[in-house]
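The residues making up each chain are set out below.
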Amino acid sequence: MSPDNEKVPRKIQAILQTIFDHKSVVVVYVLGGPGAGKGTQCTRLVKGFDFVHLSAGDLLRAEQNRSNSEYGEMIRTYIREGTIVPMEVTIKLLENAMTAALETKKGSPAWSNGSGRFLIDGFPRKMDQALKFDESVCLASLTLYYDCDEETMLSRLLERGKTSGREDDNVESIKKRFVVYKEQTKPVIEYYEKLGKVAKIDSTSDVDEVYKKTAEAITPFLEKKK
Ligand code: UDP
Ligand code: MG
């Protein structure tokens, strides 16, 4: 390839073209298998550190249920099968939610002058989503990775399934979600690990214990960002 055709390095593209500037908008990806405790810990982090919590799954379910959505049926099928919705839809939903939050949170201490902090929960689930989001929406600063064994995750999800009303909290869907997690999402975590951007947290213990470890990981990180 001649030098003229060489692509601009990814890092530079990210700085030039993202919608939000990662120097003022802190994006923390929250990953881990289904049932690892991502949502639960995010709720605690919102209270503790003034984050806005955006769950990709929740945004997709809201879009699925929105009357007039052209994507409703498609999303339903993907979620039931535990497969990954085409990233254009998910990324657009996240971007819209970020824009809205930056407006409504303006008065909060961590949100002045266009700054903000987001927990992006259950995303990116696949390498292409990770690169696309980092390059075009906002370069993520950190990934919180909740590590939990399948047996524990399965029993948590079956327990949740009794009341969640979620179409994918049943054994068949859960098994498929585990496979997709191992094949598609694990490589994303490994990619960020190589870049030194992962805080790995064992999430087999109870909620308070896991939150303690989470807070210990996130506090120095946010201090450095100031
Ligand atoms: N999903 C998706 N893209 C995403 C996030 C979620 O397609 O970026 C779909 C996928 O089918 C997944 C489902 O939404 O299995 C549920 O995701 P959620 O994050 O709510 O599940 P959790 O991991 O929290 O159990
Ligand atoms: Mg969740």
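For the structure itself, look to the data block above.
Summary of the structure given here. Just so we're clear, the structure is a prediction, and the values are computed from it rather than from any experiment. (Residues numbered from 1 in each chain as written. Chains lettered and ligands numbered in written order. Predicted model: local features only at pLDDT ≥ 70, side-chain atom pairs only at ≥ 80, totals over all residues. Heavy atoms only, no water.)

**Topic: the packing of helix α5 (residues 87-104) against helix α6 (residues 127-136)**
One can describe the packing of α5 onto α6 by two numbers: an axis separation of 11 Å at closest approach and a directional angle of 40 degrees. Considering only the axes of α5 and α6, their crossing is right-handed. Between α5 and α6, the residues in contact are M87, I91, L94 and M98 and D128, Q129, K132 and F133, respectively. (Axes fitted to C-alpha atoms, helices over the stretch in contact; angles between N-to-C directions. Helix = DSSP H or I, 4+ residues; strand = E, 2+ residues; numbered from the N terminus. Left-handed = near helix turned anticlockwise from the far one by under 90°. Contact = heavy atoms within 4.5 Å.)

**Some words on the sheet that holds strand β2 (residues 52-55)**
In space, the five strands of this open sheet follow the order β2-β3-β1-β4-β5, with parallel pairing throughout. If you trace the sheet from one side to the other, it starts and ends with β2 and β5 (198-202), each paired once. Looking at each pair of strands side by side, their axes are set apart by 20 degrees on average, direction ignored. Summarising the sheet, strand β1 (residues 25-32) and strand β3 (residues 116-121) pair through six bridges and their orientation is parallel. Counterpart to V28 in the pairing with β3 is L119. Packed on one face of the sheet, helix α9 (residues 207-225) meets β1, β3, β4 (142-147) and β5 and runs near 165 degrees to β5. (Pairing = 2+ DSSP bridges.)

**Focus: helix α2 (residues 38-49)**
A rise of 1.5 Å per residue sets the reference length of α2, with its twelve residues, at 16 Å; its end C-alpha atoms lie 16 Å apart and thus fit the reference within 8%. Buried within α2 we find K38, Q41, C42, L45 and F49. Buried residues in α2, looked at end-on, bunch into an arc of 105 degrees, giving them a common side. Looking at the buried positions of α2, the neighbouring elements they touch are β1, β2, β3, β4 and α9. (Expected span 1.5 Å × (residues − 1). Buried < 20%, exposed > 50% of the residue type's maximum accessible area, 1.4 Å probe, protein only. Arc of directions from axis to C-beta.)

**So, the site of ligand 1**
Within the structure, ligand 1 sits among 21 residues, and K38, R61, T83, V85 and R177 are positioned closest to it. Between ligand 1 and K38 there is a distance of 3.0 Å, counted from an oxygen atom to a side-chain nitrogen or oxygen. The contact in question runs from an oxygen atom of ligand 1 to an N or O atom on the side chain of R177, over 2.6 Å. Relative to its free-state accessible area of 530 Å², ligand 1 is covered by the protein chains to the extent of 96%. Of all the elements in the fold, those that place two or more residues in the shell around ligand 1 are α3 (56-65) and α4 (72-81). Counting residues per element, the shell around ligand 1 draws most heavily on α3, which supplies four residues. Across the shell around ligand 1, the residue classes break down as eight nonpolar, six polar and seven charged. (Near = heavy atom within 4 Å. Polar contact = N/O pair within 3.5 Å; in protein donor to acceptor, adjacent residues only side chain to side chain. Areas by Shrake-Rupley, 256 points an atom, 1.4 Å probe, with all protein chains shown as cover. Nonpolar A, V, L, I, M, F, W, Y, C, P; charged D, E, K, R; others polar.)

**A short note on the state of the cysteines**
Counting across every chain of the model gives zero disulfides. Between C138, a cysteine without a disulfide, and C42, which holds the nearest cysteine sulfur, the sulfur-to-sulfur distance is 16 Å. You can call C138 buried: its relative accessible area is 0%. Sulfur of C148: no disulfide; nearest cysteine sulfur belongs to C42 and is 15 Å away. (Disulfide = S-S within 2.5 Å.)

Geometric values such as these leave the question of function open.
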